[in-house]
Structures are given as structure tokens and as C-alpha cells.
Amino acid sequence: MNPPDYEYLRKVLKDLSGLDLSADKQYLIESRLLPLARKSGLSDIAALVQKMKGGSSALINQVVEAMTTNETFFFRDKVPFDHLRDTILPNVLRARALRKNIRIWCAAGSTGQEPYSIAMCLKEMGAALAGWRIEILATDLSQEVLEKSKAGIYSQFEVQRGLPIQLLVKHFKQIGELWQINPDIRGMVQHRQLNLLHDFSQLGVFDVIFCRNVLIYFDQDTKSKIFARLAKGVEADGFLVLGAAETVVGLTEVFKPFPDRRGLYRPNGAQSAPGKGLPAGAAAPKLAAVAGL
Ligand SMILES: C[S@@+](CC[C@H](N)C(=O)[O-])C[C@H]1O[C@@H](n2cnc3c(N)ncnc32)[C@H](O)[C@@H]1O
């Protein structure tokens, strides 16, 4: 790939998706975009760039999508779901006891394993959430992954990654060699295409935001700006969950780490009281059923 084409692609990707590629990632571009070029009847990356410069917005979108990394799996990293069960939900149940409403946003939900893991955690709480209105919104830049997420259909390999067998049996139906998540769990998750680089104030304010394993692809300035907007999208006593390789430390003052909970953050000013348990009268969550978590 010639250097001007590489620089052009780097700039397009940074501007449109936030992806911050270092100067030496030509191999990544080639491995992801050469198949797309060939599929589009173009001989090489130079021809692809030529066509993009000609203003083909459909092709530009395909390039941006092809360069996203959609790696995900059920209950990824385990710890965030322990935090959800042991810290986040007890706090939110107590704080929202009157209005009985929980809003959770999964801000880079990819093919659905993360929002459906959240939905299964809530479902396992059973009676403790009876009468509550639960909203789980899954968004992603990529329309392709959102379509897969909406369908909720996974291969044998995908359901073997992180999903306890009890939850597979309980919440999925086998269709030939594939597994589809049951309509009650699927119905708990709404989907919407959303680019984190753009304004998302129209989504309203959430009790919990999962924004995991996407900020790692952005530069410091982009991360700081997104944190500032995430802070406006989370309740003053809400929670932000980041990926294992992500942190707010050194980037923003709008969130602060929750003491002794790796990857868990709250808006600055929120009072953090770990381990207070569920509000009086609420049934204990049956998350023991999430065996292996
Ligand atoms: C590595 S996956 C992480 C999925 C899930 N959060 C997890 O931790 O398993 C990153 C996701 O971020 C999405 N993404 C990349 N850039 C984005 C952007 N600017 N706005 C929204 N989503 C984006 C990708 O399409 C991809 O599905």
C-alpha cells in the first residue's frame, strides 16, 4: 500500500469512527480491506481508495465497518457481571425503589453477547424485579453486528465462550447447529445504531452504562470528550463500567473509580457505599443460578 493511501485511510477512519491507527498498521488495513475491495470488484487497496475519494458513501461506510473489531463473548471478563449483581443492582434497586425503573445502556454492544449477559443477570433476579420497568439499550456503530444482535442467533462455538451451561439450557433454543436466545430475553434488549463520536444526548439518562472494550481504539482526546458526554448521560448516582484495559484515570475528573471494584466508576460526587446489600423487602437475587460466574 502506498503511504498516501495509508494516510488517507487513517484519516477517514479516525474522523468517522475514532479508530486511531498507528503509523505501522498497514497489515491490518490490508487484511481487513483487501477482501472488501475484491468483493466490490476492485483489484487492490489503491483502487478502493480511488473509489472512496470519488465520494462513494456506501463504500466508505463498508470500509469503516470492516475496520471495526467486534470481538465479544458472553459474560466477558466475569468481574463486571459480579459488580452488576453485587454492587450496581443492589444500589440501583435501593435508589429507584419508588420509581421502579432501571435504564441500562450497552454502548458498544457488538453482536449482543454483552447486552444479553446483562439481561440474563437481571432475569435471574426474579421476584426482586417484579413490577420494575427495565430498559436495556444496545448500540453500536456497525449495522452488521446490530443485525446479528437483534436476531440473537449464535454458533456452538459462541455459546461455549463464557456462557454457563445452565443459562444456555434455560435461555436458548437449539435450531439445527445454532442457538437462539429466547424471546423473553431478546425482548428485554432494544437496538439502535449509534456512533460514540456523535451527540447521544437524545438517548436520555441511564442508571448504568457499559462502555467496554471500545475506548481502547481511540486517542486520549477522543476518550476525554466521550467521558464528558457519558457523564451527562448517566444519573448522578449511576454507574459506568469500562473494559479491563480501560480507565478514566489521567483522562477525566468527571468519573471516579468505585473503591475496590475494578472497572467500575461513578460520576464524581456520587456517594459510593459498597456491600450494603439489597433494600429491605427485596428478594435476594438468584444469581447463584448463574453458576460458574
Ligand atoms: C471489541 S467490541 C466490544 C464489544 C463488547 N462491548 C465487549 O466488551 O465484549 C468493540 C465494538 O465497538 C464498536 N465501535 C467501534 N467504534 C465505535 C464508535 N465510534 N461508536 C460506537 N461503537 C463503535 C465496534 O463496532 C465493536 O462492535
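Rules of the game
Residues numbered from 1 in each chain as written. Predicted model: local features only at pLDDT ≥ 70, side-chain atom pairs only at ≥ 80, totals over all residues. Heavy atoms only, no water. Pairing = 2+ DSSP bridges. Helix = DSSP H or I, 4+ residues; strand = E, 2+ residues; numbered from the N terminus. Axes fitted to C-alpha atoms, helices over the stretch in contact; angles between N-to-C directions. Contact = heavy atoms within 4.5 Å. Core = buried A, V, L, I, M, F, W, Y, C linked by side-chain atoms within 4.5 Å. Buried < 20%, exposed > 50% of the residue type's maximum accessible area, 1.4 Å probe, protein only. Near = heavy atom within 4 Å. Polar contact = N/O pair within 3.5 Å; in protein donor to acceptor, adjacent residues only side chain to side chain. Arc of directions from axis to C-beta. Lys, Arg positive; Asp, Glu negative; His and termini not counted. Salt bridge = Lys/Arg side-chain N within 4 Å of Asp/Glu carboxyl O. Phe/Tyr/Trp six-rings, centres within 6.5 Å; stacked < 30°, edge-to-face > 60°. Lys NZ or Arg CZ within 6 Å of the ring centre and 35° of its normal. Domains from an automatic or database assignment. Buried area = accessible area lost by both parts, 1.4 Å probe.

Caption draft 1: Examining the sheet that holds strand E5 (residues 178-181) more closely. With antiparallel pairing, the 3 strands of this open sheet are ordered in space as E3-E5-E4. The outermost strands of the open sheet, each flanked by one partner alone, are strand E3 (153-155) and strand E4 (172-175). The mean inter-strand angle of the sheet, taken between neighbouring strand axes irrespective of direction, is 35°. Judged from the 4 bridges that link them, E4 and E5 form a sheet pairing that is antiparallel. The residue bridging lysine 173 from the neighbouring strand is glutamine 180, located in E5.

Caption draft 2: Representation of the sheet that holds strand E7 (residues 206-211) in the model. The strand order across the open sheet built from 7 strands is E6-E2-E1-E7-E8-E10-E9, with neighbouring strands paired in mixed fashion. Each edge of the open sheet is held by one strand with a lone partner, namely strand E6 (189-193) and strand E9 (255-257). Across the sheet, the axes of successive neighbouring strands diverge by a mean angle of 25°, strand direction being ignored. Across 3 bridges, the pairing between strand E1 (residues 101-106) and E7 is parallel. Considered in E7, the bridge of tryptophan 105 is made with isoleucine 209. Each of strand E2 (133-140) and E6 is contacted by helix H7 (residues 143-151), which is oriented at about 165° to E6, the strand it contacts most.

Caption draft 3: Region of interest: the nonpolar core. Ranked by internal contacts, the top residues of the largest apolar core, which has 40 residues, are Phe74, Ile118, Met120, Leu122, Leu163, Phe172 and Phe210. Counting only elements with at least two residues in this core, the list comes to helix H5 (79-95), E1, helix H6 (113-123), E2, helix H9 (165-171), E5, E7 and strand E8 (234-242). Discounting residues that sit within four places of it in the chain, leucine 163 has contacts with Phe74, Phe75, Met120, Leu168 and Phe172. Ala108, Leu194, Phe206 and Tyr265 belong to the second-largest nonpolar core, a separate cluster that totals 24 residues.

Caption draft 4: Looking closely at the site of the ligand. For the ligand, the set of nearby residues contains 21 residues, the closest of which are Thr72, Ala108, Asp140, Leu196 and Asn213. Between the ligand and threonine 72, the relevant distance is 2.6 Å, taken from an oxygen atom to a side-chain nitrogen or oxygen of the residue. Within the side chain of asparagine 195, one N or O atom sits 2.9 Å away from a nitrogen atom of the ligand.

Caption draft 5: Spotlight on helix H4 (residues 57-66). Every buried residue belonging to H4 is among Leu59, Ile60, Val63 and Val64, and all of these are buried. One side of H4 carries all its buried residues, which in axial view fall inside an arc of 140°.

Caption draft 6: Broad picture of the side chain of glutamate 246. Within the secondary structure, glutamate 246 is located in the loop between E8 and E9. Look at glutamate 246: it is buried, it has no salt bridge, and the nearest opposite charge is lysine 223 at 7.1 Å. Polar contacts involving the side chain of glutamate 246 include one to the main-chain amide nitrogen of isoleucine 216, which spans 3.2 Å.

Caption draft 7: Layout of the packing of aromatic side chains. Following the criterion strictly, the structure yields 8 aromatic pairs and no others. On the basis of an interplanar angle of 75° and a centroid distance of 5.2 Å, the ring pair of phenylalanine 75 and phenylalanine 81 is categorised as edge-to-face. Members of the aromatic cluster, joined through ring pairs, are Phe74, Tyr154 and Phe172. Here the guanidinium or amino end of lysine 53 rests over the ring plane of tyrosine 8, the centre of that ring lying 5.0 Å away. Between arginine 103 and the ring centre of phenylalanine 206, over which it is positioned, the NZ or CZ distance is 4.2 Å.

Caption draft 8: Looking closely at helix H3 (residues 45-53). Every buried residue of H3 is listed here: Ile45, Leu48, Val49 and Met52. Here the buried residues of H3 occupy an arc of 95° about the axis, which is enough to place them on one side. Contact partners of the buried residues in H3: helix H1 (3-17), helix H2 (26-39) and H4. Positive backbone phi, approximately 100°, marks glycine 55, located one or two places after H3.

Caption draft 9: Structural context of the domain arrangement of the protein. The domains assigned to the protein are domain 1 (3-68) and domain 2 (79-267). Centre-to-centre separation of domain 1 and domain 2, based on C-alpha positions: 30 Å. Across the contact, 10 residues belong to domain 1 and 11 residues belong to domain 2. Taken over both partners, the interface formed by domain 1 and domain 2 buries close to 750 Å², and the fraction arising from carbon and sulfur atoms is 52%. Where domain 1 meets domain 2, there are 1 salt bridge.

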